[in-house]
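Survey of secondary and tertiary structure
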Amino acid sequence: MKDYEHPFFRPLWRRVTVVAVCVIWSGIEFATGTPFWGVIALGFAGYAVWQFFYLYKPAEQNEATPDETNSGEPKADPEPKE
C-alpha cells in the first residue's frame, strides 16, 4: 500500500483539504515576504495534487466483505442431476 492509498484519504474532502492547506500556506509565505518557503509549500501542493487526484485509485471497499447474496448456504443446482 502506498501512502496516498491509505484509508484516511478515501473521502474526497480530506484530499481537497490537504491541497487547500498547502496552497493557503504558500500564500501566507508569499504575503509575509518569504518566497523560498512559498515555493516549497507550492511544491507540496503540486505533489499532493499529483498523488491525490492524478494517481489516486480508490481501493475496492468490498474487498474483505463476503458477497451479500451468499448467506453461507450451499446454492441449489439449477438443473437436477440424474
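Please read these numbers as outputs of a predicted model, since none were measured by experiment. (Residues numbered from 1 in each chain as written. Predicted model: local features only at pLDDT ≥ 70, side-chain atom pairs only at ≥ 80, totals over all residues. Heavy atoms only, no water.)

1. Regarding the overall build of the protein chain
What counts here: Strands are runs of DSSP state E lasting at least two residues, helices are runs of H or I lasting at least four, and both sets are numbered from the N terminus onward. Each residue's exposure class comes from its accessible area (1.4 Å probe, protein chains only) as a fraction of the maximum for that residue type: buried when under 20%, exposed when over 50%, partly exposed otherwise. Using a 1.4 Å probe, the Shrake-Rupley method yields the accessible areas, and only the shown protein chains count as cover for residues.
The helix and strand tally for the protein chain stands at two helices and zero strands. For the protein chain, with 82 residues in total, the buried portion stands at 17%. Carbon together with sulfur atoms contributes 62% to the accessible area of the protein chain, which is approximately 7000 Å² in total.

2. Looking at the packing of aromatic side chains
Defined as follows: Here a Phe, Tyr or Trp ring, Trp counted by its six-membered ring, pairs with any other such ring whose centre lies within 6.5 Å, and the pair is stacked when the planes are under 30 degrees apart, edge-to-face when over 60, and tilted otherwise. Here, over-ring charges are defined by two tests on the NZ atom of lysine or the CZ atom of arginine: distance to the ring centre within 6 Å, and angle to the ring normal within 35 degrees.
For the coordinates displayed, the defined rule picks out five aromatic pairs. When the ring of Phe-9 is compared with that of Phe-52, the centres are 4.6 Å apart and the planes differ by 35°; the resulting orientation is tilted. Taken as a pair, Phe-9 in the segment before helix H1 (12-31) and Phe-52 in helix H2 (residues 35-54) lie far apart in primary sequence, 43 residues in all. Of the two residues, Phe-9 and Phe-52, neither departs from the other in class, the shared state being buried. Taken together, the ring pairs in this structure connect Phe-8, Phe-9 and Phe-52 into an aromatic cluster. The ring of Phe-8 has Arg-14 lying over it, and the distance from NZ or CZ to the ring centre is 4.5 Å.

3. Quick notes on a nonpolar patch on the surface
What counts here: Think of a patch as exposed residues, more than 30% relative accessible area, with no salt bridge, where like charges cluster within 9 Å and nonpolar side chains (Val, Leu, Ile, Met, Phe, Trp, Tyr) cluster within 5 Å. One side-chain nitrogen of Lys or Arg within 4 Å of one carboxyl oxygen of Asp or Glu is enough to make a salt bridge.
A contiguous nonpolar patch, built from Leu-12, Val-16, Val-49 and Phe-53 and spanning about 320 Å² of accessible area, is present on the exposed surface. Mapped onto the nonpolar patch, the elements with two or more residues apiece are H1 and H2. Relative to the elements of secondary structure, Phe-53 occurs in helix H2.

4. Topic: H2
We count it as follows: The span you would expect from a helix comes to 1.5 Å times its residue count less one. The arc in question is the one spanned by the directions pointing from the helix axis to the C-beta atoms.
The first and last C-alpha atoms of H2 sit 27 Å apart over 20 residues, in line with the 28 Å expected at 1.5 Å per residue. Here H2 has its buried residues at Gly-38, Ala-41, Ala-45, Ala-48, Gln-51 and Phe-52. In an axial view of H2, the angular spread of the buried residues amounts to 155°, which keeps them on one side of the axis. Within H2, the exposed residues directed more than 90 degrees away from the buried face are Phe-36, Val-39, Tyr-47 and Tyr-54.

On their own, these measurements won't tell you what the molecule is for.
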